[in-house]
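Architecture and fold: a report
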Amino acid sequence: MKLAFALLTLLMVVMPSFVLSQDRAATERQYALWLEQTIWPRAQAEGVARRTFDQAFAGVSLNWDLPGLIIPGQARPQRQTQAEFRPPARYFASGIVGHSTTIGRRMLNRHATTLAQIEQRTGVPGHIILSIWGRESSFGQAAIPHDVFEILGTRGFLSARAAYFTEELIAALKILQSGYVSRNQMKSSWAGALGQPQFMPTSYLAHAVDGDGDGEADIWRSEADTLASIGAYLANHGWNRDTDWGFEVTVPATVSCALEGIDNGRPVQQWRDMGITRVSGRPFPSPELTQDGYLLMPAGRYGPALIVTSNFYTLKDYNESDAYALFVGHVGDRIKYGVGDFTGPWQPVDDFLRTDIVDLQIMLEAQGFDVGGADGLIGHKTRRSIGQWQAQTGTTETCYPDLQLLSAVQR
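A quick note: this is a predicted structure, and the numbers were derived from the prediction, not measured.

Okay, the overall build of the protein chain next. Scanning the protein chain from N- to C-terminus turns up 15 helices and 7 strands. In the protein chain, of all internal contacts separated by at least 6 residues, the share reaching a separation of at least 24 is 66%. Across the protein chain, 35 positive and 42 negative side-chain charges occur, with their mean positions spaced 3 Å apart.

Laid out in structure tokens, this is it:
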């Protein structure tokens, strides 16, 4: 009896991993069929040779450790934890901002001629380009360890955004087919972004340019190509050479934080007339008074406030995070003009998992608020929906979630 019980206990311990390994093996076989029956015909139609296709996927299997996958038998996608999903203050840690600023100033001198040429051609200021370069790859020094075909193949097969990542996978095959980069150099982030500017493959095909005159757009090894490609990307997405990206401001209590967002834009002079002033004490530039400005409060009442321009939203085309675009603009200004920290402090806020925010968004949607979709991101629609809920319930408008709010909305 003791032996039988021991064997039964052993089976109970071993069985789950055995079943999982069998499921994974079956999924790997389905993945191989998907590559052959779905991806190969599409790649071939786009001009990818069979030799290139086989080279791309030689030895490639599913990467089960990636965040955000839909794993067979798992109720929810794996949690995601990259910086854009955390409280925005963490994005502006003094060490990160200081390092980017210090190296950025060196690069401003080192690449002065190249950056001046790019700005003349595209209208995009060199310090903004440098700030993106620093954020994306630490000015080309950050390790980019992942195999792009493993990453995009896995995400194309096991992701909720399968169609998006499948398009990126086809684009990556086209890049390899072009011969600009070797198979071994096709390294990416865990999301499939390539090279020093961290372009997704479709962005590379659309926006990468030759910056050093050698006839190739090499964002892996050429700093000039990297800088020129970032400039081209922003210019192609509508960068306005005649305006700044934004100004830190003081927002009086009489102005609701729920007025945030690109769809609440109004001429800068109207914001001024509502009592919003620049923290520097200087007036808003006269040419921009008649242009639309947009209230930005990335941590609601718990952090700095800004009036931003259309160029801020061009930065968001590079990365949809408000914190990312704000980081680029702020560090760029520190590189070029030597400005200091934000005047408005980042106050402590409660930390959440992305799934917690999804739950909050679903509850707000059920009550009729437009949060912009239950995606787990604390974007401007979620922030202002919180402010609108707070106004309706007679609580102080903060336009940012906390644990007490999460509990109250549930009731």
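This part covers the pairing of strand β3 (residues 246-250). Counting buried positions over the 5 residues of β3 gives 4, a clear majority of the element. Pairing between β3 and strand β7 (residues 305-308): 4 bridges, direction antiparallel. Its bridge partner lying in β7, F247 is registered against I307. Pairing between β3 and strand β5 (residues 277-278): 2 bridges, direction antiparallel. Its bridge partner being in β5, T250 is matched across the sheet by T277.

What follows deals with the pairing of strand β6 (residues 292-296). Across the 5 residues of β6, 4 count as buried, placing the element largely inside the fold. Inspection of the sheet shows strand β4 (residues 266-267) paired to β6 by 2 bridges, in the antiparallel sense. Bridge assignment links R266 to a residue of β6, and that residue is G293. Pairing geometry for β6 and β7, over 3 bridges, is antiparallel. Bridging across to β7, L296 finds its partner in L306.

Sheet architecture is open: 5 strands sit in the order β4-β6-β7-β3-β5, paired in antiparallel fashion. Two strands lie at the open edges of the sheet, namely β4 and β5, each paired on one side alone.

A few words on the state of the cysteines. All told, the structure shown has 1 disulfide when counted by the stated rule. The partner cysteine of C257 in its disulfide is C399, sulfur to sulfur 2.1 Å. Disulfide C257-C399: the torsion about the S-S bond is 80 degrees, which places it as right-handed. Of the two residues, C257 is situated in the loop between β3 and β4 and C399 in the loop between α14 (380-392) and α15 (403-410); the sequence distance between them amounts to 142 residues. The class of C399 is buried, set by a relative accessible area of 0%.

Following the criterion strictly, the structure yields 15 salt bridges and no others. In this structure, the salt-bridge partner of E46 is K174, at a minimum N-O distance of 3.2 Å. Placement of E46 in the loop between α1 (2-45) and α2 (50-57) and of K174 in helix α7 (residues 162-178) is noted, with a sequence separation of 128 residues between them. Judged by relative accessible area, which is 30%, K174 ranks as partly exposed. Residue R384 pairs with D263 through a salt bridge whose shortest N-O separation is 2.6 Å. Note that R384 is positioned in helix α14 and D263 in the loop between β3 and β4, a separation of 121 residues in sequence.

Time to look at helix α11 (residues 310-318). One full turn of an α-helix is made of 3.6 residues, so residues set three or four places apart face in the same direction. Burial within α11 is extensive, with 7 of its 9 residues counted as buried. Among all positions of α11, only N311, F312, Y313, T314, L315, K316 and Y318 are buried.

Let us look at the nonpolar core. Within the largest apolar cluster, 77 residues are counted, with the highest numbers of intra-cluster contacts made by F57, F149, L173, M186 and L234. Top contributing element to this core by residue count: helix α12 (residues 322-337), with 8 residues. Setting aside anything within four residues of it in sequence, one finds F149 in contact with Y31, A56, F57, V60, L169, A172, L173, L176, R183 and M186. The next biggest cluster of nonpolar side chains, apart from the first, holds 15 residues, and it includes F247, L295, A305 and I307.

Here is what the cut-offs are and how they apply
- Residues numbered from 1 in each chain as written.
- Predicted model: local features only at pLDDT ≥ 70, side-chain atom pairs only at ≥ 80, totals over all residues.
- Heavy atoms only, no water.
- Helix = DSSP H or I, 4+ residues; strand = E, 2+ residues; numbered from the N terminus.
- Contact = heavy atoms within 4.5 Å.
- Lys, Arg positive; Asp, Glu negative; His and termini not counted.
- Charge placed at Lys NZ, Arg CZ, Asp CG, Glu CD.
- Buried < 20%, exposed > 50% of the residue type's maximum accessible area, 1.4 Å probe, protein only.
- Pairing = 2+ DSSP bridges.
- Disulfide = S-S within 2.5 Å.
- Salt bridge = Lys/Arg side-chain N within 4 Å of Asp/Glu carboxyl O.
- Core = buried A, V, L, I, M, F, W, Y, C linked by side-chain atoms within 4.5 Å.

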